[in-house]
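# Close look at the chain arrangement
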Amino acid sequence: MELLQVLEYTFLFILGAALGSFYNVVIYRLPRNISIISPSSHCPNCGQKIKWYDNIPIISYFLLKGKCRYCGYSISIRYPLVEAFTGILAVLCRLLFNDPFLSLLYFAFFSILLIASLIDWDTFTLPDIFTLGGLLMALAVSPFREDISLRESILGALMGGGIFLLIYLYYTKLRKIEGLGFGDVKLMAFIGCAFGVWGVIYAIFLGSLFGLLYAIPIIVKNRSLQFALPYGPFLSLGAFIGILLNLKERFF
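It should be emphasised that the depicted structure is a prediction, and the values quoted were computed from it without experimental measurement.

## Here's the deal with the packing of aromatic side chains
- Taken as a whole and assessed by the stated rule, the structure comprises 18 aromatic pairs.
- Note on Phe 110 and Phe 240: the rings are 4.9 Å apart at their centroids and 90° apart in plane angle, and the pair reads as edge-to-face. Taken together, the positions of Phe 110 in helix H4 (residues 100-123) and Phe 240 in helix H8 (residues 232-245) put the pair 130 residues apart, joining distant regions of the chain. Note on accessibility: Phe 110 and Phe 240 belong to one class, buried.
- Ring geometry for Trp 198 and Tyr 202: centres 5.9 Å apart, planes at 40°, overall tilted. Here Tyr 202 and Trp 198 lie together in helix H7 (residues 182-222), a separation of four residues that amounts to about one turn.
- With a relative accessible area of 25%, Trp 198 lands in the partly exposed category.
- Among the residues examined, Tyr 202 registers a relative accessible area of 5% and is labelled buried.

Rendered as structure tokens:
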């Protein structure tokens with residue numbers, strides 16, 4: 001690997017980690033209806049403003065040993081993990097796509113899935129700003145993409161949203177229970193529009209597999225099926241893994 005490539009990937013990782021730090025702010029504040037701009041970063045326990053040297057992505061967490069400098073409040077390991085993953089994601093998208101436009105586009109799509117999934121995991125909600133906003137974004141850029149046409153984007157959105165709309169209506173209208181949130185319908189429409197029909201297939205089959213693997217230990221431990229899991233994170237993970245590994249080209 002040439003020096004320039006090393007520098008490029010290092011820059012992308014640092015930039016991605018910095019964006020990941022902002023994603024953490026969005027994930028925490030948006031569901032709580034707190035501005036993502038003001039106030040500046042502060043400890044949720046003591047309210048002390050976090051200095052810039054305590055807010056360096058990944059590094060500050062380990063320098064502070066995962067605790068607030070002022071009150072010793074424990075900081076979730078998820079913060080540096082999101083930062084590190086976003087940095088890795090920026091590098092992966094550059095490695096997967098030679099076209100800078102597609103690299104940036106997929107990074108944006110995957111970022112939406114990441115933020116929406118973690119909010120869903122915490123709150124069992126999928127904000128429209130990510131699902132419908134992502135859908136509109138995917139539609140708007142589809143005429144300029146080389147990997148997926150506008151027709152394929154629309155077909156994917158109709159397939160993903162349509163299948164999950166039927167499932168949603170089955171539970172709410174026939175069984176009179178909420179077995180699936182309407183946010184998942186909108187999420188699948190976005191996944192289909194962004195990644196096409198194969199994105200929908202990955203999300204459904206791999207997402208269901210990952211969800212089942214996660215649920216089995218809970219079922220065994222509690223000896224009950226009466227528990228709730230957000231579906232969005234597993235659908236997003238299924239789509240991400242399928243696209244990342246390019247399973248269509250490997251097996252079909």
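Now that the structure has been shown, the text picks up again.
## Brief notes about the packing of H4 against H7
- At a minimum axis separation of 13 Å, H4 and H7 run at an interaxial angle of 50°. With respect to H7, the axis of H4 lies oblique. Judged by the sense of rotation from one axis to the other, the crossing of H4 with H7 is right-handed. On the side of H4, the interface is formed by Tyr 106, Phe 109, Phe 110, Ile 112, Leu 113, Asp 120 and Trp 121, while H7 contributes Asp 184, Leu 187, Phe 190, Ile 191, Ala 194, Phe 195 and Tyr 214.

## Brief notes about a nonpolar patch on the surface
- Where nonpolar side chains cluster on the molecular surface, the patch consists of Trp 52, Tyr 53, Ile 56, Ile 59, Leu 63 and Tyr 70 and spans about 680 Å² of accessible area.
- Mapped onto the elements, Ile 56 comes out in the loop between helix H1 (3-29) and helix H2 (59-63).

## Some remarks on H8
- Between the first and last C-alpha of H8 there are 20 Å, a value that for 14 residues agrees with the 20 Å anticipated at 1.5 Å per step.
- Within H8, 10 of the 14 residues are buried, which leaves it mostly tucked inside the rest of the structure.
- Taken together, the buried positions of H8 are Gly 232, Pro 233, Phe 234, Leu 235, Ser 236, Gly 238, Ala 239, Phe 240, Gly 242 and Ile 243.
- One or two positions beyond H8, positive phi appears at Asn 246, with a value near 50°.

## Side note on the packing of helix H5 (residues 128-141) against H7
- Where H5 meets H7, the axes come as close as 8 Å, and the angle between the chain directions of the two elements is 25°. The orientation of H5 with respect to H7, classified from their angle, is roughly parallel. Our pair here, H5 against H7, has a crossing hand that is left-handed. Taking contact as the criterion, the partners of Asp 128, Thr 131, Leu 132, Gly 134, Leu 135, Ala 138 and Leu 139 in H5 are, on H7, Gly 183, Lys 186, Leu 187, Ala 189, Phe 190, Cys 193 and Ala 194.
- Of the residues that constitute the contact of H5 with H7, the class distribution is nine nonpolar, three polar and two charged.

## Focus on the state of the cysteines
- Taken as a whole and assessed by the stated rule, the structure comprises zero disulfides.
- Looking at Cys 46, it has no disulfide partner, and the nearest cysteine sulfur is the one in Cys 43, 3.8 Å off.
- Free cysteine: Cys 93, not disulfide-bonded; nearest cysteine sulfur from Cys 193 at 17 Å.
- The exposure class assigned to Cys 93 is buried, which follows from its relative accessible area of 1%.

## Considering H4
- For H4, which comprises 24 residues, the first-to-last C-alpha distance of 34 Å matches the rise-based estimate of 34 Å (1.5 Å per residue) to within 8%.
- Most of H4 is tucked away: 17 of the 24 residues are buried.
- Backbone nitrogen of Phe 101 and a side-chain oxygen of the N-cap are separated by 3.0 Å at the start of H4; the cap is Asp 99.
- Phe 124 lies just past H4 and shows a positive phi near 60°.

Reading the values: the criteria
- Residues numbered from 1 in each chain as written.
- Predicted model: local features only at pLDDT ≥ 70, side-chain atom pairs only at ≥ 80, totals over all residues.
- Heavy atoms only, no water.
- Phe/Tyr/Trp six-rings, centres within 6.5 Å; stacked < 30°, edge-to-face > 60°.
- Helix = DSSP H or I, 4+ residues; strand = E, 2+ residues; numbered from the N terminus.
- Buried < 20%, exposed > 50% of the residue type's maximum accessible area, 1.4 Å probe, protein only.
- Axes fitted to C-alpha atoms, helices over the stretch in contact; angles between N-to-C directions.
- Parallel < 35°, antiparallel > 145°, perpendicular 65-115°, else oblique.
- Left-handed = near helix turned anticlockwise from the far one by under 90°.
- Contact = heavy atoms within 4.5 Å.
- Patch = residues over 30% accessible without salt bridge, like charges linked within 9 Å, V, L, I, M, F, W, Y side chains within 5 Å.
- Areas by Shrake-Rupley, 256 points an atom, 1.4 Å probe, with all protein chains shown as cover.
- Salt bridge = Lys/Arg side-chain N within 4 Å of Asp/Glu carboxyl O.
- Expected span 1.5 Å × (residues − 1).
- Nonpolar A, V, L, I, M, F, W, Y, C, P; charged D, E, K, R; others polar.
- Disulfide = S-S within 2.5 Å.
- Polar contact = N/O pair within 3.5 Å; in protein donor to acceptor, adjacent residues only side chain to side chain.

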